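One letter stands for each residue in the lines below.
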Amino acid sequence: MDEHTRAIESLKDRLPGQHKKLLSVYITFAVFLVAELIMDPLILKSYSRMWPLSLQFAPLMLCAMSQGCIMLVGGINLSLGASLSLTTTIAAVTMFEGAAGTAGGIVATLASGMAIGLVMGTVVTFGRLPDIIVTLAFSYIWNGAALLVLSKPGGHIPGAYSRFLQSQGIVPFAVIMILLLLVFWKIVKNTRLGVDIYAIGGNAKASFESGINVQATKILTYMISGLFMAGAALVLVGQTGCGDPTIGGAYGTRSIAAAILGGFSFSGGIGQMKGAVLGAFIYIAIENILFFSGLSSFYQYIIQGAILIAAIGLKVISYHRGGGEGA
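These lines cover the structure that appears in this document, whether it is placed above or below. (Residues numbered from 1 in each chain as written. Predicted model: local features only at pLDDT ≥ 70, side-chain atom pairs only at ≥ 80, totals over all residues. Heavy atoms only, no water.)

Remarks on the overall build of the protein
A tally of regular secondary structure across the protein gives 14 helices and 0 strands. The helix and strand sequence of the protein, counted from the amino end, reads α-α-α-α-α-α-α-α-α-α-α-α-α-α. Within the span of the protein, comprising 327 residues, buried residues form 50% of the whole. Accessible area for the protein stands at about 14,900 Å²; split by element, carbon and sulfur atoms hold 70% of it. (Helix = DSSP H or I, 4+ residues; strand = E, 2+ residues; numbered from the N terminus. Buried < 20%, exposed > 50% of the residue type's maximum accessible area, 1.4 Å probe, protein only. Areas by Shrake-Rupley, 256 points an atom, 1.4 Å probe, with all protein chains shown as cover.)

And the structure:
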């Protein structure tokens, strides 16, 4: 048995533990789902309520998946909000009326998201620089680029695309997009690339010594992260009908909080994409509860910050109690 095969077997041994840790996420999700149903009982009475809710939850879910990718390899992306803003502006200037024009804009948006990931992943990997510093620096670059593409909200999103995104079919399109990307990740996870991603997050040095191409794997991970982020941009432009160079501002920190609530770890190698989706739901449910409580927005921000600190604190405690695993 070669070194890489042993690394794969070691990862497979750890996966059942990850499924057990996700149980707490499922329980928390169930609690907040009940709370959401109590606050909005029309969800049970009218199936049509699913569409506006899906559009509310989908962007953060996709951003949490994007952030989760980077956290799996032991990093963090502080530029996610800025890159999201840039990608919406690209969508708004590349989409045109007609099926071909819309499809071309969608492809350009997804490609731009992956290109953003490629650039950052390359700088982080070959520059051997801390990801937190690189992504912070790129947040300024992407913000500036977004303002160069569109100095203010504008551009053009085909009306047919917006209507399709918000149309009340059997399943909301935003939900279909999330499901397709979850299936895509499931396929990736079951390939050598997926195994390598988790192995690098667990121990990059040991992964390198076992024959894993750490540099290529990290770059590909950043590109996949960019793909998920671009998916969020496509949902946002369908909602707003335009590109916005500032719309992504809040999604950076919210995506980190959602990923943590969904079971991801700052130490890398821990987390599942379905957990990121559930974590985003939990985070938005918390925001909704605070909003409907009638509290001042000042207190809402304070409570949201306290919840984030508590979530991180619990992860750190879990890390130390688990002997360095699972934080």
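Re the pattern of salt bridges
Applying the stated criterion to the full structure yields 2 salt bridges. Two residues, R192 and D196, come together in a salt bridge whose shortest N-O distance is 3.7 Å. Taken together, the residues R192 and D196, both in helix α9 (residues 192-202) and 4 residues apart, mark about one turn of the helix. Since its relative accessible area comes to 6%, D196 is described here as buried. (Salt bridge = Lys/Arg side-chain N within 4 Å of Asp/Glu carboxyl O.)

Focus on the packing of aromatic side chains
One pair of aromatic rings is described through two measures. These are the centre distance and the angle between the planes. Enumeration according to the criterion identifies 5 aromatic pairs in this entry. Judged by centre distance (6.4 Å) and plane angle (80 degrees), the rings of F184 and F228 are edge-to-face. Taken as a pair, F184 in helix α8 (residues 173-189) and F228 in helix α11 (residues 214-240) lie far apart in primary sequence, 44 residues in all. Given a relative accessible area of 0%, F228 falls into the buried group. Measuring from ring centre to ring centre gives 6.5 Å for W185 and F228, while their planes differ by 65 degrees; the resulting arrangement is edge-to-face. Remark: F228 occurs in helix α11 and W185 occurs in helix α8; sequence separation between them is 43 residues. A single burial state applies to W185 and to F228, both of which are buried. Among the aromatic residues, ring-to-ring pairing joins F184, W185 and F228 into one connected group. (Phe/Tyr/Trp six-rings, centres within 6.5 Å; stacked < 30°, edge-to-face > 60°.)

Overview of the nonpolar core
Within the largest apolar cluster, 82 residues are counted, with the highest numbers of intra-cluster contacts made by L62, M65, L84, W185, F228 and M273. Top element by residues in this core is helix α3 (residues 50-72). It accounts for 14 residues. The contact partners of L84, leaving out residues within four places of it in the chain, are C63, M229, A232, A233, L236, G248 and Y251. (Core = buried A, V, L, I, M, F, W, Y, C linked by side-chain atoms within 4.5 Å. Contact = heavy atoms within 4.5 Å.)

A look at a nonpolar patch on the surface
A contiguous nonpolar surface patch, about 490 Å² in accessible area, is contributed by L78, I132, I133, L136 and Y140. The residue L136 is located in helix α6 (residues 131-149) in this model. (Patch = residues over 30% accessible without salt bridge, like charges linked within 9 Å, V, L, I, M, F, W, Y side chains within 5 Å.)

Observations concerning unusual backbone geometry
A positive phi is found at R128, a non-glycine position, where the angle reads about 50 degrees. Inspection of the secondary structure assignment puts R128 in the loop between α5 (99-127) and α6.

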